[in-house]
Amino acid sequence: MNETIRVLDVNIDNCSAKQAMKASVEYMGTAVTSVVELVTIEALLCAKDEPELKAAIEQSDLVLPGQKEILEAAGIAETRRIQETNAQTYLKMYLKYLHKNHCRIYLLVETEEELDGLTACLSACYRGIQIVGAAKVAPGSETDDMLVNAINGVEADSVIAILSPPVQEEFIARNRSLINARMWLGAGKLMEPIYKEESRRGRWRSFVDRLFFKREIEKNRREMKVQEEI
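These numbers come from a predicted model, not from an experiment.

What counts, and at which threshold
Residues numbered from 1 in each chain as written. Predicted model: local features only at pLDDT ≥ 70, side-chain atom pairs only at ≥ 80, totals over all residues. Heavy atoms only, no water. Helix = DSSP H or I, 4+ residues; strand = E, 2+ residues; numbered from the N terminus. Buried < 20%, exposed > 50% of the residue type's maximum accessible area, 1.4 Å probe, protein only. Contact = heavy atoms within 4.5 Å. Areas by Shrake-Rupley, 256 points an atom, 1.4 Å probe, with all protein chains shown as cover. Axes fitted to C-alpha atoms, helices over the stretch in contact; angles between N-to-C directions. Parallel < 35°, antiparallel > 145°, perpendicular 65-115°, else oblique. Left-handed = near helix turned anticlockwise from the far one by under 90°. Nonpolar A, V, L, I, M, F, W, Y, C, P; charged D, E, K, R; others polar. Salt bridge = Lys/Arg side-chain N within 4 Å of Asp/Glu carboxyl O. Pairing = 2+ DSSP bridges.

Asker: Can you lay out the overall build of the chain for me, pointing to particular residues and giving the numbers?
Answerer: Broken down by element type, the chain carries 11 helices and 8 strands. Counting across all 230 residues of the chain, residues that qualify as buried make up 49%. Restricting the contact set of the chain to residue pairs at least 6 apart, pairs at least 24 apart contribute 80%. For the chain, the exposed surface amounts to about 12,100 Å²; the carbon and sulfur share of it is 49%.

Asker: Could you give me a rundown of the packing of helix 3 (residues 51-58) against helix 9 (residues 167-175), with the residues and numbers involved?
Answerer: Closest axis-to-axis distance for the helix 3/helix 9 pair is 9 Å, and the angle between their directions is 65°. Here helix 9 runs roughly perpendicular to helix 3, going by the angle between their axes. In this structure, helix 3 crosses over helix 9, and the sense of that crossing is left-handed. Listed contacts from helix 9 to E52, L53, A56 and I57 of helix 3 are E169, E170 and A173. Grouping the constituent residues of the contact of helix 3 with helix 9 by class yields 4 nonpolar, no polar and 3 charged.

Asker: Talk me through unusual backbone geometry; I want residue IDs and the actual numbers.
Answerer: Note that the residue after P165, namely P166, is joined by a cis bond; omega there is 5°. As for its placement among the helices and strands, P166 is situated in the loop between strand 7 (158-161) and helix 9. Positive phi values are uncommon outside glycine, yet Q88 reaches one of about 55°. Structurally, Q88 can be placed in the loop between helix 5 (79-86) and helix 6 (89-100). Taking the relative accessible area as the measure of exposure, Q88 reaches 12% and is therefore buried. Here the phi dihedral of H102 falls at roughly 50°; this positive angle occurs in a residue that is not glycine. Among the secondary structure elements, H102 is positioned in the loop between helix 6 and strand 5 (104-109).

Asker: For the environment of V132, give the residues involved together with the corresponding values.
Answerer: Tracing the sequence through the fold places V132 in strand 6 (residues 130-136). With 28 residues separating them in the primary sequence, V132 and R104 have C-alpha atoms 6.0 Å apart. Residues in contact with V132, not counting those within four places in the same chain, are R104, I105, V154 and A156.

Asker: Pulling in residues and values, what's your account of the pattern of salt bridges?
Answerer: Enumeration over the complete set of coordinates arrives at 12 salt bridges. We note a salt bridge from R176 to D61, for which the minimum N-O separation is 2.4 Å. Here the residue R176 occupies a position in the loop between helix 9 and strand 8 (183-186), and D61 occupies one in the loop between helix 3 and strand 4 (62-65), the gap between them amounting to 115 residues. For D61, a relative accessible area of 34% corresponds to the partly exposed category. With its nearest N and O atoms 3.9 Å apart, the salt bridge here joins D157 to R182. Of the two residues, D157 sits in the loop between helix 8 (144-153) and strand 7 while R182 sits in the loop between helix 9 and strand 8, which places them 25 residues apart along the sequence.

Asker: Tell me about the sheet that holds strand 4, and please be specific about residues and values.
Answerer: The strand order across the open sheet built from 6 strands is 4-3-8-7-5-6, with neighbouring strands paired in parallel fashion. Only two strands of the sheet have a single partner each, and these edge strands are strand 4 and strand 6. Neighbour-to-neighbour, the strand axes of the sheet open up by a mean angle of 15°, direction not taken into account. Across 6 bridges, the pairing between strand 5 and strand 6 is parallel. Note on strand 6: the bridge partner recorded for L108 is A135. Contacting strand 3 (34-39), strand 4, strand 5, strand 7 and strand 8, helix 6 crosses the sheet at an angle of about 145° to strand 8.

None of this, on its own, says anything about what the molecule does.
Now the structure itself:
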């Protein structure tokens, strides 16, 4: 899976949901921890000014566009790809795989509301998944050792993190070699629409992110055009 696109100077894998899922199944069959990042507009905007976040994202085994605007910014207009990304097809396929194989998962969230909503959704729609642990992770908290021990202690097959950037990306970059789970999935806030309707605050934040993202893409294109003309 060598084909990539580049958006705001971050390399993103250019593949279908089916191809990404095939790679994920292979990751789940290995003894080392593989990392899949569903990169968001928010993460790309943060990475633009934070080299450490950019490096952490690109250390992932698979970096997938989490929002259709990212594909559009790269000039990809294929209807199927846009629809897959918009519908979070890969994410749903991965959850179905965990359900079918009765996998043990550990959840990393930021709020009690997220934990309750995600747990209720998985219990209702993906009953085969065994939620063996969960923890709230606050930005700036020094809890790496405790979390790594908790994840390893319950022998989780997969960790699903729904944390804001850069917390999500930098945590796994620091601790990847210490975690025994087969796969880490960094989903950011992309799972929220799966287990509840977006709140008004969530919709507003999403709108602002998209607005800034479009401006940055246009700025980036103008700068590239100027460089080509020189």
